[in-house]
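Chain by chain, the residues run as shown.
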Amino acid sequence: MDPALLREREAFKKRAIATPTVEKKSRPDGSSQQRDESKKKVRPPSNAPKLDSSNYKTMTGSSQYRFGVLAKIVKHMRTRHQDGDDHPLTLEEILDETNQLDIGSGVKNWLQSEALVNNPKIDVIDGNRFAFKPVYRIRDGKSLLKLLKQHDLKGLGGVLLEDVQESLPHCEKALKNRASEIVYITRPIDKKKILFYNDKTANFVVDEEFQKCWRAVTVDAMDDGKIDEYLEKQGIRSMQDHGIKKTVIPKRKKPPNKKRQFKKPRDNEHLADVLETYEDNTLTQKGASASG
């Protein structure tokens, strides 16, 4: 080989070694970087509790779970009362009968100290025992009739059938045995049945002719004004003092129209004597000049 070329080649290698170079590392693509970040976000922390079927009920739980436990207890206590079991139970006995012994200690404390104590459908007995609290304290058909009689005498009206069903154990049997002493009325607003005492002493026989006249008269399409007018034509005035009286507001009397009198200005009232003297002197001077 030509020695000149070899010398040039060696010189080029020396220059290349002497020249500093910066190595550029290849950057990852944006899509791969996003995938790495998403993996980091999905990865749960190491100290978080694991959820499994064995410990999910022992955790603190949401309010929905708590009130679900409470609703189940209240429903069970109502059913017990309606079946005739009115003896109080402890919280452990209630949870045992409702198959809820696996609830957490936090929920138990909440039931014992707050939920059952403040519930309007639960009675607290001796501080740690609970029983159902019905709307009416009635035990049999006899006490039901006594309640209806009291409502009738005091003018309190009837009693809701659903309240009686909730309060009276073996309600259907008691109502069937006392059917002749109870009157059922369906309320037109919500179609709920109301129970009234059937007071047989108020029964009386109505003459058939009066019944026919009563049924012949139709007042469905007539208002109170037309009924009053019809009674007045028939010479009946006994209904004029009944019904709702309308209060008539008296009309205010208008004051008589008076002509407006313009008042004299009250300025310079303290100079009234001076002005009169000035006017008198002026008139005197004018009269003297006229006569002269």
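This write-up is about the structure you can find in this document. Bear in mind that the values here come from a model prediction, so they are computed numbers and not experimental data.

Another point: the overall build of the chain. Helices and strands together make up the secondary structure of the chain, namely eleven helices and six strands. Looking at the chain as a whole, 18% of its 292 residues are labelled buried. For the chain, long-range pairs separated by at least 24 residues make up 56% of all intrachain contacts whose partners lie at least 6 apart in sequence. Summed over its atoms, the accessible surface of the chain is roughly 25,400 Å², and 53% of this surface lies on carbon and sulfur atoms.

Turning to the sheet that holds strand β6 (residues 193-197), a few remarks are in order. Pairing in this open sheet of three strands is antiparallel, and the strands run β4-β6-β5 from one edge to the other. Sheet topology places β4 (159-160) and β5 (182-186) at the edges, where each strand pairs with a single neighbour. In the sheet, β4 pairs with β6 via two bridges, with the strands oriented antiparallel. Paired with Val 159 across the bridge in β6 is Leu 195. Contacting β4, β5 and β6, helix α6 (residues 141-153) crosses the sheet at an angle of about 85° to β6.

Relative to strand β3 (residues 129-132), strand β1 (residues 89-90) is paired through two bridges, and the arrangement is antiparallel. Bridging from a neighbouring strand, Leu 89 pairs with Phe 130 of β3. With four bridges connecting them, strand β2 (residues 122-125) and β3 associate as antiparallel partners. Looking at β3, one finds that Val 124 is bridged to Phe 130. Connecting β2 to the next strand, β3, in antiparallel fashion are three residues, including Asp 126 with a positive phi near 60°.

Bringing unusual backbone geometry into the picture now. The phi dihedral of Asn 99 is positive, around 60°, even though this residue is not glycine. For Asn 99, the location among the structural elements is in the loop between α4 (91-97) and α5 (105-115). For Asn 99, a relative accessible area of 66% corresponds to the exposed category. One non-glycine residue with positive phi stands out, namely Asp 126, at about 60°. Examined against the element boundaries, Asp 126 turns out to sit in the loop between β2 and β3. A relative accessible area of 67% means that Asp 126 is categorised as exposed.

Moving on, we come to the packing of aromatic side chains. For the structure on display, the rule yields two aromatic pairs. Ring centres 5.3 Å apart and planes at 80° place the aromatic pair Phe 67 and Trp 110 in the edge-to-face group. Within this pair, whereas Phe 67 is found in helix α3 (residues 63-82), its partner Trp 110 is found in helix α5, the two being separated by 43 residues in sequence. Classification of Phe 67 by relative accessible area gives partly exposed; the value is 48%. Of the residues examined, Trp 110 reaches a relative accessible area of 12% and is grouped as buried.

Moving on to the pattern of salt bridges. Going through the model one piece at a time under the given rule, you end up with eleven salt bridges. Between Arg 139 and Asp 86 there is a salt bridge, with its nearest N and O atoms 3.7 Å apart. Residue Arg 139 is located in the loop between β3 and α6, and its partner Asp 86 is located in the loop between α3 and β1; the two are separated by 53 residues in the primary sequence. Glu 181 is the salt-bridge partner of Arg 178, the closest N and O atoms lying 3.4 Å from each other. Bridged by salt links that share partners, the residues Arg 78, Lys 121 and Glu 166 form one connected network.

The sheet contact formed by β5 and β6 spans five bridges and is antiparallel. Looking across to β6, one finds that Thr 186 is bridged to Lys 193. The turn joining β5 and β6, which pair antiparallel and follow one another in sequence, is formed by six residues; a positive phi near 65° is taken by Lys 191.

Let us look at the side chain of Asn 119. Relative to the helices and strands, Asn 119 resides in the loop between α5 and β2. Residue class for Asn 119 comes out buried when judged on its relative accessible area of 15%. Every residue in contact with Asn 119, bar those within four places of it in the chain, is listed here: Leu 70 and Val 74.

What counts and what doesn't
Residues numbered from 1 in each chain as written. Predicted model: local features only at pLDDT ≥ 70, side-chain atom pairs only at ≥ 80, totals over all residues. Heavy atoms only, no water. Helix = DSSP H or I, 4+ residues; strand = E, 2+ residues; numbered from the N terminus. Buried < 20%, exposed > 50% of the residue type's maximum accessible area, 1.4 Å probe, protein only. Contact = heavy atoms within 4.5 Å. Areas by Shrake-Rupley, 256 points an atom, 1.4 Å probe, with all protein chains shown as cover. Pairing = 2+ DSSP bridges. Axes fitted to C-alpha atoms, helices over the stretch in contact; angles between N-to-C directions. Phe/Tyr/Trp six-rings, centres within 6.5 Å; stacked < 30°, edge-to-face > 60°. Salt bridge = Lys/Arg side-chain N within 4 Å of Asp/Glu carboxyl O.

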